[in-house]
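Reading the structure
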Amino acid sequence: DTGVSQNPRHKITKRGQNVTFRCDPISEHNRLYWYRQTLGQGPEFLTYFQNEAQLEKSRLLSDRFSAERPKGSFSTLEIQRTEQGDSAMYLCASSSGTGGTGELFFGEGSRLTVL
Amino acid sequence: RKEVEQDPGPFNVPEGATVAFNCTYSNSASQSFFWYRQDCRKEPKLLMSVYSSGNEDGRFTAQLNRASQYISLLIRDSKLSDSATYLCVAGRGGGSYIPTFGRGTSLIVHP
């Protein structure tokens with residue numbers, strides 16, 4: 001399967017714990033996006049990378065959220081000291097092209113439940 | 001005010017009906033526009049891009065009105081399989097390309 005892969009698919013954690021999600025984009029795609037989606041809402045932009053450079057991170061929800069993309073390949077999204085309000089689907093998407101309007105290809109998402 | 005606004009619906013229509021969704025965007029710097037489809041508990045997938053001249057793909061027609069900053073999607077001859085949430089997307093180009101999604105419009109096509 002050469003699509004976008006996300007792990008884990010489901011994560012249940014207790015409040016205050018740290019969680020990390022991984023995204024493996026389509027191999028030739030240089031852009032990688034993280035979105036969060038809650039029930040009844042559209043995907044909400046969090047951050048994105050062009051290769052290994054994080055070009056926009058001001059929309060990360062708080063300083064508990066951080067993302068990395070070492071070597072411009074896979075990416076991780078970490079949430080520290082989770083809160084119940086962090087419960088959501090975390091979607092990763094990748095696209096090709098620079099400065100353009102490439103189609104986003106989404107992974108199946110990582111569903112987080114904070115108890 | 002959200003950057004991309006959509007009526008969440010649901011739109012409940014019989015098979016064979018024609019249904020139209022509208023979406024407005026607030027950032028006049030937006031340069032690219034799309035409709036994505038999202039099935040229940042699945043990831044969004046591109047349905048079609050939206051061009052100023054309008055574009056058609058089978059039963060689906062998308063229109064863009066830059067002056068009024070709205071985007072539309074028309075579905076003709078609705079099928080049961082069209083039941084899904086339709087997400088409107090506006091993106092700003094340049095150095096940081098950020099596609100912004102609306103909350104989605106739910107469509108239910110019934111027999």
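Report follows, based on the coordinates. What you see as residue numbers is a count from 1 along each chain, following the sequence as written. A letter from A marks each chain and a number from 1 marks each ligand, given out in the order of writing. Given that the model is predicted, a residue must reach a pLDDT of at least 70 before its local features are reported, and side-chain atom pairs must reach 80 or more before they are shown or counted; all residues, however, enter totals for whole chains, interfaces and linings. Note that water and hydrogens are dropped before the side-chain values are worked out from all heavy atoms of the structure.

Some details on the interface of chain B and chain A
Should any heavy atoms of two residues lie within 4.5 Å, those residues are considered in contact. The interface is formed by 22 residues belonging to chain B together with 24 residues belonging to chain A. Once two parts are joined, some of their accessible surface, as seen by a 1.4 Å probe, is lost; buried area is that loss totalled over both. Both faces combined, the contact of chain B with chain A buries some 1800 Å², and carbon together with sulfur accounts for 51% of it. A pair is scored as a salt bridge if a Lys or Arg side-chain nitrogen falls within 4 Å of a carboxyl oxygen belonging to Asp or Glu. Linking chain B with chain A are 0 salt bridges. Polar contact is defined as a pair of N or O atoms within 3.5 Å, subject to the rule that within protein one atom must be able to donate a hydrogen and the other to accept it, and that residues adjacent in sequence are counted only when both atoms are side-chain atoms. Inspection of the region where chain B meets chain A yields 8 residue pairs in polar contact (both at pLDDT 80 or more). Here a strand is any run of E in DSSP of at least two residues, a helix any run of H or I of at least four, and the numbering for each starts at the N terminus. Contributions of two or more residues to the side of chain B that touches chain A are made by β4 (30-38), β9 (84-92) and β10 (98-101) of chain B.

Some points on the sheet that holds strand β1 (residues 5-7) of chain A
Residues and elements named next belong to chain A. Reading across from one edge, β1-β3-β8-β7 is the order of the 4 strands in this open sheet, with antiparallel pairing throughout. Pairing within the sheet leaves two strands with one partner each, and these edge strands are β1 and β7 (65-68). Neighbour-to-neighbour, the strand axes of this sheet turn through a mean angle of 15°, independent of strand direction. Two elements, β1 and strand β3 (residues 19-24), share 3 bridges in a ladder whose sense is antiparallel. Counterpart to Gln6 in the pairing with β3 is Cys23. A pair of strands is labelled paired if DSSP reports no fewer than 2 bridges between them. For every element, the axis is a line fit to its C-alpha atoms; helices are fit only across the contacting stretch, and the angle between N-to-C directions ranges from 0 to 180 degrees.

Side note on the nonpolar core
Core analysis: the largest hydrophobic core is formed by 23 residues, its most contacted members being Phe21(B), Trp35(B), Ile71(B), Leu73(B), Ile75(B), Tyr86(B) and Leu107(B). Every residue in contact with Ile71(B), bar those within four places of it in the chain, is listed here: Phe21(B), Asn22(B), Cys23(B), Tyr25(B), Phe33(B), Trp35(B), Val50(B), Gln63(B), Leu64(B), Cys88(B) and Val89(B). Side-chain atoms within 4.5 Å link the members of a nonpolar core, which is a set of buried Ala, Val, Leu, Ile, Met, Phe, Trp, Tyr and Cys residues. Each residue gets one of three labels from its accessible area relative to the maximum for its type: buried under 20%, exposed over 50%, partly exposed in between, using a 1.4 Å probe on protein chains only. Leu46(A), Phe49(A), Leu60(A) and Phe65(A) belong to the second largest nonpolar core, which has 19 residues in total.

What about the sheet that holds strand β7 (residues 60-65) of chain B?
Residue and element names in this part refer to chain B. Reading across from one edge, β1-β3-β8-β7-β6 is the order of the 5 strands in this open sheet, with antiparallel pairing throughout. Whereas interior strands pair on both sides, the edge strands pair on one side only; in this sheet they are β1 (4-6) and β6 (55-57). The sheet shows a mean angle of 20° between the axes of neighbouring strands, direction not considered. Sheet topology note: the β6/β7 ladder contains 3 bridges and is antiparallel.

Notes on the pattern of salt bridges
If you walk through the whole model with that rule in mind, you get 10 salt bridges over all chains. Among the ionic pairs, Arg64(A) bridges to Asp86(A), the shortest N-O distance being 2.8 Å. Of this pair, Arg64(A) sits in the loop between β6 (53-56) and β7 while Asp86(A) sits in the loop between β8 (75-79) and β9 (88-95), and the two are 22 residues apart along the sequence. Where Glu56(B) meets Arg76(B), a salt bridge forms, and the shortest distance between an N and an O atom there is 3.5 Å. Taken as a pair, Glu56(B) in strand β6 and Arg76(B) in the loop between β8 (70-75) and β9 lie far apart in primary sequence, 20 residues in all.

Quick notes on the state of the cysteines
Should the sulfur atoms of two cysteines be covalently bonded, the bond is a disulfide. When two cysteine sulfur atoms are found within 2.5 Å, that pair is recorded as a disulfide. For the structure shown, the criterion picks out 2 disulfides over all chains. Bridging Cys23(A) to Cys92(A), the disulfide has an S-S length of 1.8 Å. Its S-S torsion of about -65° marks the bond between Cys23(A) and Cys92(A) as left-handed, since a negative value means left-handed. Taken together, the residues Cys23(A) in strand β3 and Cys92(A) in strand β9 connect sequence positions 69 residues apart. The exposure classification of Cys23(A) matches that of Cys92(A), with both residues buried. Covalently, Cys23(B) is tied to Cys88(B) through a disulfide, its sulfur atoms 2.0 Å apart. Torsion about the S-S bond of the Cys23(B) and Cys88(B) cystine: about -70°, corresponding to left-handed handedness. Of this pair, Cys23(B) sits in strand β3 (residues 19-25) while Cys88(B) sits in strand β9, and the two are 65 residues apart along the sequence. Taking the relative accessible area as the measure of exposure, Cys23(B) reaches 1% and is therefore buried. Overall, Cys88(B) belongs to the buried group, its relative accessible area being 0%.

Keep in mind that these numbers describe shape and distance, not what the molecule does.
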